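Take a look at the letters that make up each chain.
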Amino acid sequence: MMKFRFRRQGNDPHREKIKQDLFAFNKTVEHGFPNQPSALAYDPKLQLMAIGTKSGAIKIYGAPGVEMTGLHKDTAAVTQIHFLCGQGRILSLLDDNTIHLWEIVQRENRSHLLEVHSFNLPGRPGIESTSATRVTVMLLNLSCNLLALGTEGGGVHFLELPTLTLLNKSLFQDEIMQSVPEEYKCGKSLGPVESLQEHPKDSDKILIGYSRGLVVLWDLSSRHVDNLFLGKQQLESLVWERSGNSFVSSHSDGGYMVWAVSSSNPCTHDPVSSTIPYGPFPCKAVNKILWRTTESGAPLVLFSGGMPRASYGDRHCLTILQDSSHVTLDFTSRVIDFFTIHCTDTEKDFDEPSALVVLLEEELVVIDLQMPGWPTVPAPYLAPLHSSAITCSCHISNVPPKLWERVISAGQQQCPLQNYENWPICGGKNLAPDPKQKELLLTGHEDGTVRFWDASGVSLKPLYKLSTASIFQTDCEHNDSLTQAGEEEWPPFRKVGCFDPYSDDPRLGIQKISLCKYSGKLVVAGTAGQVIVMVLGDEKSDHMIDVATVDLLQDREGFTWKGHDRLPPKSGSVVFAPGFQPVVLVQCLPPAAVTAVTLHAEWNLIAFGTSHGFGLFDYHRRSPVLARCTLHPNDSLAMEGPLSRVKSLKKSLRQSFRRIRKSRVSGKKRVVVNSPTSKVQEANAHLADHDAEVTPVQRRIEPRSADDSLSGVVRCLCFADTFLRDGTHHGPTMWAGTNSGSVYAYALDVPSQEKFSEQSVEALLGKEIQLMHRAPVVSIAVLDGRGNPLPEPYEVSRDLAKAPDMQGSHSVLIASEEQFKVFMLPKVSAKTKFKLTAHEGCRVRKVALANFTSVSSEDYSENALVCLTNMGDIHMFSVPALRPQVRYDCVRKEDISGIASCVFTKTGQGFYLISPSEYERFSLSARVITEPLCGVDVERPHDVSAHSSSTTLPPQANGTHKSQAESKSAETEDLLEEMRSVLSSPILDSPNSSADITLDTTGDLTVEDVKDFLMTVDEAENNFRNITEEDGRSAGILIN
């Protein structure tokens, strides 16, 4: 042990300062659509929208770039949210019956969302919450100083705002029942409060709707029933007509009624009109209805639900009615909530709605109500990334202006209405500077599409969609069934939204993407072994696609493909819109999923790999150059394919048990070794394995068996201009790495530009490397004489990057799942290595080389190897020395899909999926950070946050954010207690979970033990009334 003490080097303060200027970990923004949305609100004064989720998050959106996120301490679903109009305050009701007040506060020249108060409606002493006092609906009055709460017990309670003080003016059912006619009572309860609506002209009056159908106009000041409306149908929602002379109620039978409000008739038995739009057969409930007046005459009626049960009970619809115009918006996911953007000026006579905003379970849809035909408004953010499930992704940094303009042009020709200037939710100011460079995020999807996103800033904007399905003959029956409904006369369905969970054919799924940003060439590879080479075209094209097949088995005997068939390409010419147009289709045989692909546009070459081998193709001459089978003789599992049902469960179980047995045997052998001789040998071997710097004690790694299943899978491919044959002549090379730790390096003979059409490319195997432990090769990168990564194709020839150092000796960096190793070229002699699995006990999942620029000086930068492990942490190493630099916790280790979806950028940022519809963006660079910088100007009569002691910045909505702000010493105990309670909660393991967790701490209980705590709904309301009446404080109860 002494040798470790004397040889270990201390931290260099100068180096530590450099690292601080280069590296910093921040989770910056969440791109996409919130997972499992559950509530919606809008502030017409500030023009901000808020969305609540089942994981307890609140997200605020305004103009593009204006985004704020808050996360409740308890992971409970947000059931309702309401803005205090113009004040920058939000009230949220959670599934656990707690009410929370949030404020938008200005800190460090930017706006944040901060929780300042919470309130829980008390039940009977000794019981936290009963069903009777469970809040069903909240109403904020227009002046935002009073909050009315309707409950399941039928009571209405009032809180003073913004202090959340319970007032002594609660209204209970027995007061209402005194005014109800005897024939209507029938001995039944009125049921829960379903709706509360403030009178549009008199703030002292509120409309109270009970589930049974009774609607009451209640005068708050005189505590008197002004009007009774004796509805006989189960009530769903209420809405006032702007003048206050009538209101509309919607019901569970699929109908709605218009009621006249008259002081001369205090008890109304029948409505003015009653309509069941989709009757006469039984219909589903109309969950919510809006009634908006227009100057042109006929009111605009909007409601969700109400569809005929038998025919269209499974549809998710919202109906818009105006005079003779009738449209049934047909969505592919459930309607959560909706609102209209309309005139809220009380002096105006009409609502004049301009837009309808609908929050669905999987997307946000905005309808322009002023344009004829009510078209959809494209959204500049909240795009449903998962409109078809994401299967892969690719990031392009520093996109050239020419490519950017051509992609945008192609996208605008696809969607001519893609103009974000008409976006109605435009509150706040985006204070972030314009991005210095353009960035593209490409996502491959299950339905064979590739979507291009503008990832330059906070808002992830859709630019262009490329579909590969048109190349193949596929079955599209499900589309026919959806379009047939549109042709029927009734109901007048219109398909709206882009979320489409169906896939025509699972073989269309995109597996790998490679784009050359300088030449506009794109390679897309799919699930059925299809590799498509595309070229960016500005005009429409009608041409045939050249098809070539590459047999990766090379006539090897004993292997029979049991998986899916190849996709049959269309014969004859196909019409392609402007954008990326296919020129060559390379079909791998067997048609297994493509596992790796790379493109070198300057050499006109593509390389691709599957679970059977890899191939090299010259797309200029349309000819295969190379095919190499990587299958092991025992690798029969590779012949079954991902979509095959003949996978042998018995075989995989047998292999698992063998591995367990091997590890147990080897573990026992290590324990027995304790003789002095063996210890000396072990120490000598340990020293020999060490480099100049001494590392901690290493774990012993068991070598993998050569006959492990899927050992032939090609994991990575790369092209490089380097030294392979000898140390004086460099030339084109291709490298391939497999699942069994094999690396193949080929020297390529590429003709000059003038002779491309005459001469063919030739490939010769130069080197073959077998890693000792047979760990899968995750990445291969060639470094020049200075240790820098080689530039991309065309970068040097177009003077866009400095030429690589061809004087010094090159090296190749090979990253396997267990270690990183640098080999000198052309001899392929080991130079340095870092055994990550032996040191840290984790395995490499994602690897990238990134360039980090210092915060202190723009002239100083370093290249680093960035690695994400199966434990969800990120390690960074210097290149080529492989010295560890920093380590950060990034993804939860249980989040396997998040780790698998991670993609790094060349400037030290990254993306990973935190849900099927959301990317978390993070930054590892202290300089390059893309985060919301926005400001919202608010005017508040009482500033609650000024008296709040909480100074912690809000966490990210996925629950994995670690705040780096230092707490004050006075808050330490509270913070520790809060951390203990949060960490002890099992719900946090799944931030999107809203399941109720019941802890059994009661022991054996009998009926006698709990009899005293059992009560009816009426008893609970009486108890609650007694509490409020007997309390000595006349001003109210203050609850923080």
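Residues numbered from 1 in each chain as written. Predicted model: local features only at pLDDT ≥ 70, side-chain atom pairs only at ≥ 80, totals over all residues. Heavy atoms only, no water.

For clarity, the threshold we go by: UniProt positions are given in the numbering used here, feature names are shortened, and annotations may be inferred rather than shown by experiment.
By the naming in an unreviewed UniProt entry, the protein goes by LLGL scribble cell polarity complex component 1 and is assigned to Danio rerio. Looking at the Sequence similarities (unreviewed entry) heading of the UniProt record, one finds this comment for the protein: "Belongs to the WD repeat L(2)GL family."

**Thoughts on the side chain of serine 111**
The cut-off we apply is this: A run of DSSP states H or I qualifies as a helix once it reaches four residues; a run of E qualifies as a strand once it reaches two. Both are numbered from the N-terminal end. Exposed residues in this analysis have more than 50% of their type's maximum accessible area, buried residues have under 20%, and partly exposed residues fall in between, with area computed by a 1.4 Å probe over protein chains only. Residues adjacent in sequence count toward polar contacts only when both atoms are side-chain atoms; beyond that, a polar contact is any pair of N or O atoms within 3.5 Å, and within protein one must be able to donate a hydrogen and the other to accept it. In what follows, a contact means two residues having at least one pair of non-hydrogen atoms within 4.5 Å.
Within the element layout of this structure, serine 111 appears in strand β9 (residues 110-120). Under the relative-accessibility criterion, serine 111 is labelled buried at 5%. Within the local environment of serine 111, its side chain forms a polar contact with the side chain of glutamine 106, the two groups lying 2.8 Å apart. Those residues in contact with serine 111 that lie beyond four places of it in its chain are Met68, Ile104, Val105, Gln106, Cys934, Gly935 and Val936.

**Section: the pairing of strand β23 (residues 286-292)**
Where we set the bar: We treat two strands as partners when DSSP finds at least two bridges between them.
For β23, a buried count of 5 out of 7 residues is recorded, marking the element as mostly surrounded by other parts of the structure. For β23 and strand β24 (residues 300-305), the ladder comprises 6 bridges, and the chain directions are antiparallel. Residue pairing across strands places valine 286 opposite glycine 305, the latter belonging to β24.

**Overview of the sheet that holds strand β46 (residues 613-618)**
We apply this condition: A fitted line through C-alpha atoms serves as each axis, taken over the contacting stretch for helices, and the angle formed by two N-to-C directions is quoted from 0 to 180°.
Across the sheet, 4 strands lie side by side as β44-β45-β46-β47; this open sheet has antiparallel pairing. Of all strands in the sheet, those with a lone pairing partner are β44 (596-600) and β47 (623-629), marking the two edges. Each strand axis lies, on average, 10 degrees off the axis of its neighbour in the sheet, ignoring direction. The sheet contact formed by strand β45 (residues 605-609) and β46 spans 5 bridges and is antiparallel.

**Description of the packing of aromatic side chains**
Applicable threshold: Only Phe, Tyr and Trp rings are paired, with Trp represented by its six-membered ring, and only when their centres lie within 6.5 Å; those with planes under 30 degrees apart are stacked, over 60 edge-to-face, the remainder tilted. Two thresholds decide whether a charge sits over a ring: the Lys NZ or Arg CZ must be within 6 Å of the ring centre and within 35 degrees of the ring normal.
Taken as a whole and assessed by the stated rule, the structure comprises 25 aromatic pairs. Centroid distance tryptophan 603 to phenylalanine 719: 6.0 Å. Interplanar angle 85 degrees. Geometry classified as edge-to-face. Taken together, the residues tryptophan 603 in the loop between β44 and β45 and phenylalanine 719 in strand β48 (residues 714-722) connect sequence positions 116 residues apart. Under the relative-accessibility criterion, phenylalanine 719 is labelled buried at 13%. In this structure, arginine 315 is placed above the aromatic ring of phenylalanine 493, and the distance from its NZ or CZ to the ring centre is 4.5 Å. Over the ring of tyrosine 794 we find arginine 798, and its NZ or CZ is 4.4 Å from the ring centre.

**Digging into the sheet that holds strand β58 (residues 873-878)**
An order of β56-β57-β58-β59 is seen for the 4 strands of this open sheet, with the pairing classed as antiparallel. Since the sheet does not close on itself, it has two edges, and those belong to β56 (844-853) and β59 (884-889), each with one partner. Taking each pair of neighbouring strands and ignoring which way they run, the sheet shows an average axis angle of 20 degrees. As paired elements, β56 and strand β57 (residues 861-869) share 9 bridges and run antiparallel to each other. What sits directly across from alanine 848, in β57, is valine 866.

**A word on the side chain of aspartate 21**
In this fold, aspartate 21 is placed in helix α2 (residues 13-22). Judged by relative accessible area, which is 14%, aspartate 21 ranks as buried. Within polar-contact distance, the side chain of aspartate 21 engages the side chain of lysine 17 at 2.7 Å. What aspartate 21 contacts, discounting residues up to four positions off in sequence, is Thr853, Ser854, Val855, Ser856 and Ala926.

**Topic: the state of the cysteines**
Quick note on the threshold: When two cysteine sulfur atoms lie within 2.5 Å, the pair is treated as a disulfide.
This structure, assessed with the given rule, holds 0 disulfides. Free of any disulfide, cysteine 144 has its nearest neighbouring cysteine sulfur in cysteine 85, separated by 6.0 Å. We classify cysteine 144 as buried; its relative accessible area is 8%.

**Here we look at the environment of alanine 763**
Within the secondary structure layout, alanine 763 lies in strand β51 (residues 762-770). The partly exposed category is assigned to alanine 763, whose relative accessible area is 26%. Along the sequence, alanine 763 and alanine 745 sit 18 residues apart, while their C-alpha atoms lie 9.8 Å from each other.

**Things to note about the confidence of the model for the protein**
Applied cut-off: What pLDDT reports is the predictor's confidence in each residue, on a scale of 0 through 100.
Taken residue by residue, the protein gives an average pLDDT of 84. The fraction at 70 or more is 80%. Ignoring residues within four places in sequence, the model shows residues 947-1014, a span with pLDDT below 50, making 74 contacts including any to other chains.

**Points about helix α6 (residues 401-414)**
To be explicit about the condition: Helices are assigned an expected span. That span is 1.5 Å times one less than the residue count. What the arc measures is the spread of directions leading from the helix axis to the C-beta atoms.
In a regular helix each residue adds 1.5 Å, so 14 residues correspond to 20 Å; α6 covers 20 Å between its end C-alpha atoms and thus fits that length. Three or more residues of α6 are buried, namely Leu403, Trp404, Val407, Ala410 and Gly411. One side of α6 carries all its buried residues, which in axial view fall inside an arc of 130 degrees. Away from its buried face by more than 90 degrees, α6 exposes Pro401, Lys402 and Glu405.

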